[in-house]
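# Structure assessment
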Amino acid sequence: MTNEHLGFEARRKLAHVLLTFWPILFVFLGLSRLTELAIYVIYLVFMLSSEFLRIRYGYNTPTAILLRSFSRSTVNGTFKERWKRMRVPYWIIGSLFAIAFFGPQIVIASTVCLTFGDSVSGMTKALLRRRRSFIGICMGILVSMILTYALTGAALIAILSSVIGMIGDAGNLVNDNLSIPVLAALGAYLGSVI
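Predicted model, so just to flag it, every value in this text is computed and none were measured. Sequence order sets the numbering: in each chain, residues are counted from 1 along the sequence as written. With pLDDT at 70 or above as the cut-off, local features in this predicted model cover only qualifying residues; side-chain atom pairs require 80 or more to be listed or tallied, and sums for whole chains, interfaces and linings still use all residues. Processing note: side-chain calculations cover all non-hydrogen atoms of the structure and skip hydrogens and water entirely.

### Concerning the packing of aromatic side chains
Note on aromatic pairs: each is described by the distance of the centres and the angle between the planes. Aromatic rings from Phe, Tyr and Trp, taking only the six-membered ring of Trp, are treated as a pair when their centres fall within 6.5 Å; an angle between ring planes under 30 degrees marks them as stacked, one over 60 as edge-to-face, and anything in between as tilted. In the structure shown here, the tally under the stated rule is nine aromatic pairs. Aromatic side chains Phe21 and Trp22 sit 4.5 Å apart centroid to centroid with 35° between the ring planes, which places their arrangement in the tilted category. On the basis of relative accessible area, Phe21 is assigned to the partly exposed category, the value being 24%. Plain terms: the ring middles of Phe97 and Phe101 are 5.4 Å apart, the flat faces sit at 55° to each other, and that makes the pair tilted. Of this pair, Phe97 and Phe101 both sit in helix α7 (residues 90–101), separated by four residues, roughly a single helical turn. The rule is simple: take the accessible area with a 1.4 Å probe, protein chains only, and divide by the maximum for that residue type; under 20% is buried, over 50% is exposed, in between is partly exposed. Residue classification places Phe97 among the partly exposed residues on the basis of a relative accessible area of 24%. Taking the relative accessible area as the measure of exposure, Phe101 reaches 58% and is therefore exposed. By way of ring pairs, the aromatic residues Phe26, Tyr40, Tyr43 and Trp91 are connected into one cluster. In this text, helices come from DSSP runs of H or I with a minimum length of four residues, and strands from runs of E with a minimum of two, each type numbered from the N-terminal end.

Encoded structure:
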């Protein structure tokens, strides 16, 4: 992978962090679950509306800008053929699951795994020039565990959310932006009840 491709992948992962970290901020701001849900439902509606307007009418919407700037299809030459494909904001749906059903520690664990574990895993894979990498997954687990423990002080939640959540990155379960936060939330819940 060239330095140009690594730079592109780094920008993609920065965008990923900026699009997905919000539930952690909500917890530290002390927002109520209802407020968090309302904000994230609005976020989901906004992203879906942006996609509808982009695909249906060709408007230069926020999702159009994101796609032009951060889609791998711009690098691999498939951008034109993939332009009309609907992009579902799976990261919002996965985070909504965690927010709706679990408390602050689990929301933090789920979000850390999606935001930072997935990003570190992706950058490691890019550096190794592989789409799949055991080392990438392990790096995602390690970073998720350290950050989750630092933010929650709960070792078992940190371990189980990170290991189980990153299984969503290792497998082809729907989309990793959906499977990682859902599995991490379930892992964190398991850690909270053991």
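Having seen it, we continue.
### Focus: the pattern of salt bridges
Pairing of side chains with opposite charge becomes possible as their charged atoms draw close. Think of a salt bridge as a Lys or Arg side-chain nitrogen and an Asp or Glu carboxyl oxygen that are within 4 Å of each other. Using the criterion set out here, one finds four salt bridges in the structure. Here Glu9 ties to Arg12 by a salt bridge, and the two come within 3.0 Å at their closest N and O atoms. Placement of both Glu9 and Arg12 in helix α1 (residues 3–20) is noted, with a separation of three residues, approximately one turn of the helix. Residue Lys13 is joined to Glu9 by a salt bridge in which the shortest nitrogen-to-oxygen separation is 4.0 Å. With Lys13 and Glu9 both in helix α1, this residue pair falls four residues apart, about one helical turn. Both residues of the pair, Lys13 and Glu9, count as buried.

### Let's talk about the packing of α7 against helix α11 (residues 176–193)
A fitted line through C-alpha atoms serves as each axis, taken over the contacting stretch for helices, and the angle formed by two N-to-C directions is quoted from 0 to 180°. Running from N to C, α7 and α11 cross one another at 15°; their axes reach a closest spacing of 7 Å. Classed by the angle they form, the pair α7 and α11 counts as roughly parallel. Read as a crossing pair, α7 and α11 show a hand that is right-handed. Mapping the contact onto sequence places Tyr90, Trp91, Ile93, Gly94, Ser95, Phe97 and Ala98 in α7 and Asn177, Leu178, Pro181, Val182, Ala185 and Leu186 in α11. Gly counts as polar in this scheme, as do all residues outside two lists: the nonpolar Ala, Val, Leu, Ile, Met, Phe, Trp, Tyr, Cys and Pro, and the charged Asp, Glu, Lys and Arg. For the contact of α7 with α11, the class distribution of residues is ten nonpolar, three polar and no charged. Throughout, the term roughly parallel applies to angles under 35 degrees, roughly antiparallel to angles over 145, roughly perpendicular to angles from 65 to 115, and oblique to all others. What makes a crossing left-handed is the near helix being turned counterclockwise from the far one by less than a right angle; a clockwise turn instead makes it right-handed. Throughout, a residue-residue contact means that at least one pair of heavy atoms, one from each residue, lies within 4.5 Å.

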